[in-house]
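What follows is the residue order along each chain.
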Amino acid sequence: MERVTESLKSKIMSAEQAAQLVKSGMSIGLSGFTSVGYPKAVPLALARSGHAKDLTVLVGAAVGDECDGALVRSGCMTRRFGHQTNGDLRKAINNGSVGFSDIHISHFPMNLNQQTLQAVDVAIVECVAISDEGIYLCASAGSADAAVRNARFVIAEVNTSVPMGIMGMHDIFEVGIPPHAKIISITKPDDRIGTAYVPCPPEKIAAVVMTDRLDPPQKFKPVTPATQKIGENVVNFLKGEIDAGRLPENPGPIQSGVGSVGNAVLSCLSASGFRGLSMYTEVMQDAALNLIDQGVFDFVSSSSVALAAENRDRFFGNIDFYREKIILRPQEISNHPEVVRRLGVIALNTPVEVDIYGNVNSTHQMGTKMLNGLGGSGDFARNARISIFATESTAKDGLISCIVPMVSHVDQTEHDVAVVITEQGIADLRWKTPVERAELLIENCAHPDYRPMLREYFEHALKTSPGKHTPHDLTQALSWHQKFIETGSMK
């Protein structure tokens, strides 16, 4: 198969020509998920030209600097929706020059399909090939299908650096709009229910741009003694649940959020004795690729394959093997509550901070500054068989405690948090009263440097709080954050 079907070869043009199709005030839907499979040539051409201002950019998860960074620095982007990780974009969000609204990963395409925002003018999508039936995506799915479905016209970037062997790894399924939404008939992670391509009639494609620019490789912090211990604690918790008869020997699909803690936890599975496990997740990281090779994972369902350079080379070089072990789904499916609940997914996510009653902040620094966004943690936390939040007990070289009296911003409430794990230990919060949760989190998860301070606050709250169910002194509860803002340390 050729990368571009014959009927579309006449639409091949330069990135600069394609960029001229984008006009000021337009809403742009992009492909890409965790900086994988996003368009690069046309967004860069847009930024260089600068002719299109006041752009709204819609993308289900983070994309690279060629999109988020370049469009912000050029002054083209004024609104951005969906998870992001770019430093320049984050600064613009926090200084108010770019409007940003956070949203659950699974809700993002649903809202595009129901057109709760302005209509999508153009979808700019990176792919490996285009046929008369549709678009074959690169190493992610994300919200590309929703962007193409809802856009007035499509610009396709065909990336020749991605092997065509990735064709067939995707499983694109349209849920539809309530009350006529379809049942998602996935009962195990390797079920296929859709097409290998995003359906798109050729006449909807306005431009085809040929490119060979690779995604930047992922960069994760190396495993540290603390993250190694967190991973061991997670494995010990799972084995304890199996020994108690609350989980089967094969405990069910695992979901892991992106980052160094998630990678470390997955790495610990290789020495755990587990075999024949599976993943149902939104991002497949380096450790998961290794676990496939080791036989720990039989199968991985994801929305993106985000790898460091050497592992990406291995992935591309053995694409025929991995195509039988990995499915890439749209984020509306990878994160859909219906499927997460049915499969009994064990969810593992990383918070910014957890308070003594089990509420989680995943998005904000000191309550006001956006970091990256909610991502998919909420989709999995509320619907998982077991919802685990794992983090180091301190941050910034010990200047911040990640266990605090009250979180400065709430993303997941105590009702969605079953277990908290740090390098210090495990707090199983299931069926615990708020007072019992506080005692467990302080004694098992907080760093020893901060336990006396937390105990002092908790004992004070027990004495002075007008209600004894969830004791708080609201005047003092957030003073830890204020102290850090004023002095640079919570100590």
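### Remarks on the pairing of strand β2 (residues 55-58)
And step 1. A two-sided burial pattern is seen for β2, the buried positions comprising L55 and V57 on one face and T56 and L58 on the other.
And step 2. Note: strand β1 (residues 27-30) against β2, three bridges, orientation parallel. Its bridge partner being in β2, G29 is matched across the sheet by L58.
And step 3. Note that the unit made of β1, helix α2 (residues 41-49) and β2 has a crossover that is right-handed.
And step 4. In this sheet, strand β3 (residues 77-81) lies alongside β2 in parallel orientation, the contact comprising four bridges. Paired with L55 across the strands is M77, a residue of β3.

### A word on the nonpolar core
And step 1. Counting 56 residues, the largest nonpolar core has L269, F297, F315 and I326 as its most contacted members.
And step 2. If you tally residues by element for this core, the top one is helix α7 (residues 225-243), at six residues.
And step 3. Excluding residues that lie within four positions of it along the chain, F297 makes contacts with I254, L266, L269, L277, S278, M279, A288, L291 and I292.
And step 4. By size, the runner-up hydrophobic cluster in this structure holds 37 residues, among which are I28, A41, L55 and C76.

### Some thoughts on the sheet that holds strand β22 (residues 403-404)
And step 1. Strand order in the open sheet formed by three strands is β16-β15-β22, and the pairing between neighbours is mixed. Single-partner strands in this sheet number two, and they are β16 (360-361) and β22.
And step 2. In terms of strand pairing, strand β15 (residues 353-355) meets β16 through two bridges, oriented antiparallel. Residue pairing for β16: V354 is matched across the bridge by V360.

### Quick word on the environment of M77
And step 1. Residue placement: M77 occurs in strand β3.
And step 2. We classify M77 as buried; its relative accessible area is 4%.
And step 3. Sequence-wise, M77 and N359 are 282 residues apart; in three dimensions their C-alpha atoms are separated by 34 Å.
And step 4. For M77, the contacting residues outside a window of four places in its chain are L55, V57, C67, D68, L71, V72, L89 and V98.

### Things to note about the packing of helix α15 (residues 434-445) against helix α16 (residues 451-464)
And step 1. Remark: α15 packs on α16, axes separated minimally by 10 Å, with the N-to-C direction vectors making an angle of 165°. Judged on the interaxial angle alone, α16 and α15 are roughly antiparallel. Here α15 and α16 pass one another in a crossing that is left-handed. Every residue of α16 that contacts α15 at V435, A438, E439, I442 and E443 is listed here: R451, L454, R455, F458 and L462.
And step 2. In terms of residue class, the contact of α15 with α16 is made up of six nonpolar, no polar and four charged.

Parameters at a glance
Residues numbered from 1 in each chain as written. Predicted model: local features only at pLDDT ≥ 70, side-chain atom pairs only at ≥ 80, totals over all residues. Heavy atoms only, no water. Buried < 20%, exposed > 50% of the residue type's maximum accessible area, 1.4 Å probe, protein only. Helix = DSSP H or I, 4+ residues; strand = E, 2+ residues; numbered from the N terminus. Pairing = 2+ DSSP bridges. Right-handed = clockwise from strand over helix to strand, strands pointing away. Core = buried A, V, L, I, M, F, W, Y, C linked by side-chain atoms within 4.5 Å. Contact = heavy atoms within 4.5 Å. Axes fitted to C-alpha atoms, helices over the stretch in contact; angles between N-to-C directions. Parallel < 35°, antiparallel > 145°, perpendicular 65-115°, else oblique. Left-handed = near helix turned anticlockwise from the far one by under 90°. Nonpolar A, V, L, I, M, F, W, Y, C, P; charged D, E, K, R; others polar.

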